[in-house]
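Single-letter residue listing:
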Amino acid sequence: MCWKCGKSIDTTETIYRDSLCPECGADLHCCRNCRFYAPGAHYDCRETVQEPVADKEEANFCDSFSPVSDFSADNGGNDEAKKARDAFNSLFGSLVCV
């Protein structure tokens, strides 16, 4: 599935670095389209990567890339992480440093 427009992509075929979404032209071999993409994780990735990828929406050469088949299945985890982070931050929101 394309991270930008949501068009279903055939993930049984190999997605190469220069693969583009036929609907919107977005790069498919990018962090935003990878199942390991996790904002807030080390280098925003759940895999152990040696170097960060600067632009998460541009094509890259990451060997760990694995396309997301359905963003709705992964969004639950990201929403839960955001809720937990917001709850944690709210605990300290009223503290004033003197």
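Right above here is the structure, for reference.
What comes next concerns the included structure. Here the structure is a predicted model, which means the values were calculated and not measured.

## Concerning the overall build of the chain
Inference 1: Per the secondary structure count, the chain includes one helix and zero strands.
Inference 2: A burial count over the chain gives 27% of its 98 residues as buried.
Inference 3: Once local pairs closer than 6 in sequence are excluded, the contacts in the chain between residues at least 24 apart make up 52%.
Inference 4: If you sum the accessible surface of the chain, you get close to 7000 Å²; carbon and sulfur atoms cover 51% of it.

## So, the nonpolar core
Across soluble globular proteins, nonpolar side chains show a tendency to be buried alongside one another.
Inference 1: Counting residues in hydrophobic clusters, the biggest one holds 13 residues, and the most contacted among them are Cys2, Ile9, Ile15, Cys21 and Leu28.
Inference 2: With near-sequence residues (within four places) excluded, Ile15 lies in contact with Ile9, Leu28, His29, Phe65 and Pro67.

## Some points on the side chain of Ser19
Inference 1: Considering the arrangement of structural elements, one finds Ser19 in the segment before helix 1 (71-92).
Inference 2: A relative accessible area of 16% places Ser19 in the buried class.
Inference 3: Of note is the side chain of Ser19, whose polar atom sits 2.8 Å from the backbone nitrogen of Tyr16.
Inference 4: Not counting chain neighbours up to four residues away, the residues in contact with Ser19 comprise Thr14, Ala26, Asp27, Leu28 and His29.

## A short note on unusual backbone geometry
Inference 1: Although it is not a glycine, Tyr43 adopts a positive phi angle of roughly 55°.
Inference 2: Residue position: Tyr43 is located in the segment before helix 1.
Inference 3: The backbone of Asp44 shows a phi angle near 60°, a positive value even though the residue is not glycine.

## Examining the environment of Cys5
Inference 1: Inspection of the secondary structure puts Cys5 in the segment before helix 1.
Inference 2: Along the chain, Cys5 and Cys21 lie 16 residues apart, while their C-alpha atoms are 8.7 Å from each other.
Inference 3: Dropping the residues within four chain positions of it, Cys5 is found in contact with Cys21, Glu23 and Cys24.

Criteria and thresholds
Residues numbered from 1 in each chain as written. Predicted model: local features only at pLDDT ≥ 70, side-chain atom pairs only at ≥ 80, totals over all residues. Heavy atoms only, no water. Helix = DSSP H or I, 4+ residues; strand = E, 2+ residues; numbered from the N terminus. Buried < 20%, exposed > 50% of the residue type's maximum accessible area, 1.4 Å probe, protein only. Contact = heavy atoms within 4.5 Å. Areas by Shrake-Rupley, 256 points an atom, 1.4 Å probe, with all protein chains shown as cover. Core = buried A, V, L, I, M, F, W, Y, C linked by side-chain atoms within 4.5 Å. Polar contact = N/O pair within 3.5 Å; in protein donor to acceptor, adjacent residues only side chain to side chain.

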